[in-house]
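# Close look at the chain arrangement
Spelled out from the first residue to the last, the chains are:
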Amino acid sequence: MHIETLAIHSSHHPDPATGSVAPAIYLSTTFARRPDGELISNFSYSRSGNPNRTALEAAVAELEGGSAGFAYASGVGAIFSVLQTLKPGDHVIAPADVYHGTRDLLKEKAGWGLSVDFVDMDDIEKVAAAIRTDTRLLLVETPSNPMLRITDIRSVVRLARAAGARVAVDNTWPTPLFQRPLKLGADYVVHSSTKYFGGHSDVLGGVVVAASEDETTQKMREQQWTFGAVPSPFDCWLVRRGLMTMPVRLRAQAESAGKIARYLQSHPKVSQVHYPGLPDHPNYAVAAGQMEGFGAMLSFQLDGGEFAAVRTAAGLRLFTQATSLGAVESLVEHRYRVEGETSRTPKDLLRVSVGLEHVDDLLADLEGALRKA
Ligand SMILES: *Cc1c(COP(=O)(O)O)cnc(C)c1O
């Protein structure tokens, strides 16, 4: 079946007890046993498992083509659970421009005994050079944030296999609609479901999908129970509902993003546009070879520098200045100012999350703001 169909029907059936078409929200923290002490269902206590969470985990695992899904209270929580499968002394390779929350997490974790190297992973030679005998995990984020660089997942997988390391891909931006890392050989996919899965800026969540069941998935299952960073039933319900429209939302958003990228590219005040769907993007061939579509995130740089970028963001009416991405409303962000002094982001850059508004209205908004900037 196609992803649009799976997004609706995976682990989603009318309730046999009531006929309810929309799933119930199971707030119950505990689940009854029969007189003989046996559980009535597989559920016993909501930290170890809850019907809303199980349905979400199964659906995301199916969309990604994996064998097990684990939902967490945030995307960072999901990434953390993958790191928790590593032992002190293990070496991790992560992208130099990795999501800043993941960077903080890895730096913190280096304190518990992980060693980490941040590498420009769109350059596969650099990845190869960074591999050590104790490398256990290569974390990939593609397209990257906010420069939209593309890492060749197949090549990273080949290097990791040879080194006996695993590969985790943060698939938050492309989603399984546009990219299936497990099919390309990755071991794990991680998601911030706060973004396109939820899709409405109203729920925080994260999911890990593993390609196959092994000792690490057993660890993740234990972590949900022992560390307890699980999402609430209502949060799971919201993400599961968001998933139903995710493919059609993102397809429409990506189409608009392509149009906006081409518009910006031809604008005299714009010096550079970063969008992997543009044929002159430096990694276009790799993107076209591993993605089914190019997503709805883009960034661009202005000839007028930081001042022009800030002025443009301020002049937009439909693009809200806010962190985050992937929802129905378009967002714009001056990443340098948000990330602060240590940021590697160019000061003249704006990052855009293209929403579901009519593209002509978005283009008119950009035109107006750029004229004034
Ligand atoms: C937002 C984001 C995260 C973190 O997710 P939270 O749900 O905010 O914890 C991780 N990776 C990427 C690529 C993101 O965009």
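Please refer to the structure placed before this passage.
Residues numbered from 1 in each chain as written. Predicted model: local features only at pLDDT ≥ 70, side-chain atom pairs only at ≥ 80, totals over all residues. Heavy atoms only, no water.

## Concerning the overall build of the protein
Definition in use: Note on conventions: DSSP H or I runs of at least 4 residues are helices, E runs of at least 2 residues are strands, and numbering of each starts at the N terminus. We compute the radius of gyration over the C-alpha atoms and compare it with the globule rule, which gives 2.2 Å times the number of residues raised to the power 0.38. Only protein chains enter the accessibility calculation, which uses a 1.4 Å probe; a residue is then buried when its area is under 20% of its type maximum, exposed when over 50%, and partly exposed in between. A 1.4 Å probe and the Shrake-Rupley method give the accessible areas. Residues count as covered only by the protein chains that appear here. In this charge count, Lys and Arg are treated as positive and Asp and Glu as negative; neither His nor the chain ends contribute. We put the charge of a Lys on NZ, of an Arg on CZ, of an Asp on CG and of a Glu on CD.
When helices and strands are tallied, the protein shows 13 helices and 12 strands. Since a compact globule built from 373 residues should have a radius of gyration of about 21 Å, the 21 Å found for the protein is in line with a globular shape. Relative to its full complement of 373 residues, the protein shows a buried share of 54%. As displayed, the protein has an accessible area near 16,000 Å², and 54% of this comes from carbon and sulfur atoms. Computed over 37 positive and 42 negative side-chain charges, the inter-centroid distance for the protein is 1 Å.

## Let's talk about the pattern of salt bridges
Note the following rule: The term salt bridge refers to a side-chain nitrogen of Lys or Arg lying within 4 Å of a carboxyl oxygen of Asp or Glu.
Considering all chains together, one arrives at 14 salt bridges under this definition. One salt bridge connects Asp120 with Arg344, and the closest N-O pair in it is separated by 3.8 Å. With Asp120 in the loop between strand 3 (115–119) and helix 5 (124–130) and Arg344 in the loop between helix 12 (335–339) and strand 12 (349–353), this pair connects stretches of sequence that are 224 residues apart. Here Arg149 ties to Asp122 by a salt bridge, and the two come within 3.9 Å at their closest N and O atoms. With a gap of 27 residues between them, Arg149 in the loop between strand 4 (135–141) and helix 6 (153–163) and Asp122 in the loop between strand 3 and helix 5 connect regions that are remote in the sequence. By sharing partners, the salt bridges in this structure join Glu333, Arg335, Glu339 and Arg351 into a single network.

## Structural notes on the site of the ligand
Put simply, the rule reads: Nearness of a residue to a molecule or strand requires only that one of the residue's heavy atoms be within 4 Å of it. Polar contacts, as used here, are pairs of N or O atoms within 3.5 Å; protein pairs need one atom able to donate a hydrogen and one able to accept it. Residues neighboring in sequence count only if both atoms are side-chain atoms.
In the vicinity of the ligand lie 14 residues, with Gly75, Asp170, Ser192, Thr194 and Lys195 positioned nearest. Take Trp173: an N or O atom from its side chain is 3.3 Å from an oxygen atom of the ligand. With the chains in place, 92% of the 380 Å² that the ligand exposes on its own is no longer accessible. A total of three residues in the shell around the ligand trace back to one element, the largest contributor, which is helix 3 (residues 75–83).

## What to know about the nonpolar core
Short version of the rule: In plain words, nonpolar cores are sets of buried Ala, Val, Leu, Ile, Met, Phe, Trp, Tyr and Cys residues tied together by side-chain atoms within 4.5 Å. Any pair of residues with heavy atoms lying within 4.5 Å of one another is described as a contacting pair.
Leu138, Val167, Ile260, Leu264, Leu298 and Phe300 are the most contacted members of the largest nonpolar core, which totals 74 residues. Top element by residues in this core is helix 9 (residues 233–265). It accounts for 13 residues. The residues contacting Leu264, other than those within four sequence positions of it, are Val270, Val273, Leu298, Phe300 and Leu370. Among the nonpolar cores identified, the runner-up in size contains 23 residues, and Leu105, Val116, Leu139 and Val190 belong to it.

## Examining the pairing of strand 6 (residues 188–192)
Keep this limit in mind: Strand pairing is assigned whenever DSSP identifies at least 2 bridges connecting the two strands.
Within strand 6, five of the five residues are buried, leaving the element largely enclosed by the surrounding structure. Residues Tyr188, Val190 and Ser192 of strand 6 are buried on one face, and the alternating residues Val189 and His191, pointing to the opposite face, are buried as well. Two strands pair when backbone bridges link them, and strand 6 and strand 7 (residues 206–210) are joined in this way by five bridges, in the antiparallel orientation. Pairing of Val190 across the sheet is with Val208, part of strand 7.

## A short note on the environment of Leu362
Among the secondary structure elements, Leu362 is positioned in helix 13 (residues 359–372). We classify Leu362 as buried; its relative accessible area is 0%. Beyond its immediate stretch of four places on either side in the chain, Leu362 contacts Ile260, Leu318, Phe319, Ser330, Val354 and Glu357.

## Topic: the packing of aromatic side chains
Rules: Planes of paired rings set the category: under 30 degrees apart is stacked, over 60 is edge-to-face and the rest tilted, where pairs are Phe, Tyr or Trp rings (Trp by its six-membered ring) whose centres lie within 6.5 Å. Charges are assigned to positions over rings by a cutoff of 6 Å between ring centre and Lys NZ or Arg CZ, combined with an angular limit of 35 degrees from the ring normal.
Inspection of every chain in the model, using the stated rule, returns four aromatic pairs. On the basis of an interplanar angle of 40° and a centroid distance of 5.5 Å, the ring pair of Phe31 and Phe43 is categorised as tilted. On the criterion of sequence distance, the pair formed by Phe31 in the loop between helix 1 (3–9) and helix 2 (51–64) and Phe43 in the loop between helix 1 and helix 2 is long-range, its members being 12 residues apart. Like Phe43, Phe31 is buried. Looking at Arg103, its charged tip hangs above the ring of Phe118, at a distance of 4.2 Å from the centre.

## Remarks on unusual backbone geometry
Most peptide bonds are trans, and most residues other than glycine sit at a negative phi. Following Thr142, the chain continues to Pro143 via a peptide bond in cis, the omega torsion being 0°. Counting through the fold element by element, Pro143 comes out in the loop between strand 4 and helix 6. Omega for the bond connecting Asn145 with Pro146 falls within 30 degrees of zero, at 0°, which places this linkage in the cis form. Considering the arrangement of structural elements, one finds Pro146 in the loop between strand 4 and helix 6. At Thr175, a residue that is not glycine, the phi angle is positive and equals roughly 60°. Residue class for Thr175 comes out buried when judged on its relative accessible area of 0%. Within the chain, Ser201 stands out as a residue other than glycine whose phi angle is a positive 55°.

## Some remarks on the side chain of Asp365
As for its placement among the helices and strands, Asp365 is situated in helix 13. Look at Asp365: it is buried, it has no salt bridge, and the nearest opposite charge is Arg317 at 5.5 Å. Separated by 3.5 Å, the side chain of Asp365 and the backbone nitrogen of Phe319 make a polar contact. Not counting chain neighbours up to four residues away, the residues in contact with Asp365 comprise Gly315, Leu316, Arg317, Leu318 and Phe319.

## Overview of a nonpolar patch on the surface
The criterion, for reference: Like-charged residues are merged into a patch within 9 Å and nonpolar side chains (Val, Leu, Ile, Met, Phe, Trp, Tyr) within 5 Å, provided each residue has over 30% relative accessible area and no salt bridge.
On the surface, a nonpolar cluster with roughly 290 Å² of combined accessible area is contributed by Ile25, Leu27 and Phe234. With respect to the helices and strands, the residue Leu27 is situated in the loop between helix 1 and helix 2. Given a relative accessible area of 64%, Leu27 falls into the exposed group.

## Describing a positive patch on the surface
Residues Lys269, Arg311, Arg317, Arg371 and Lys372 make up a contiguous surface patch of positive charge. In this structure, Lys372 sits in helix 13. Look at Lys372 and you get exposed, because its relative accessible area is 52%.

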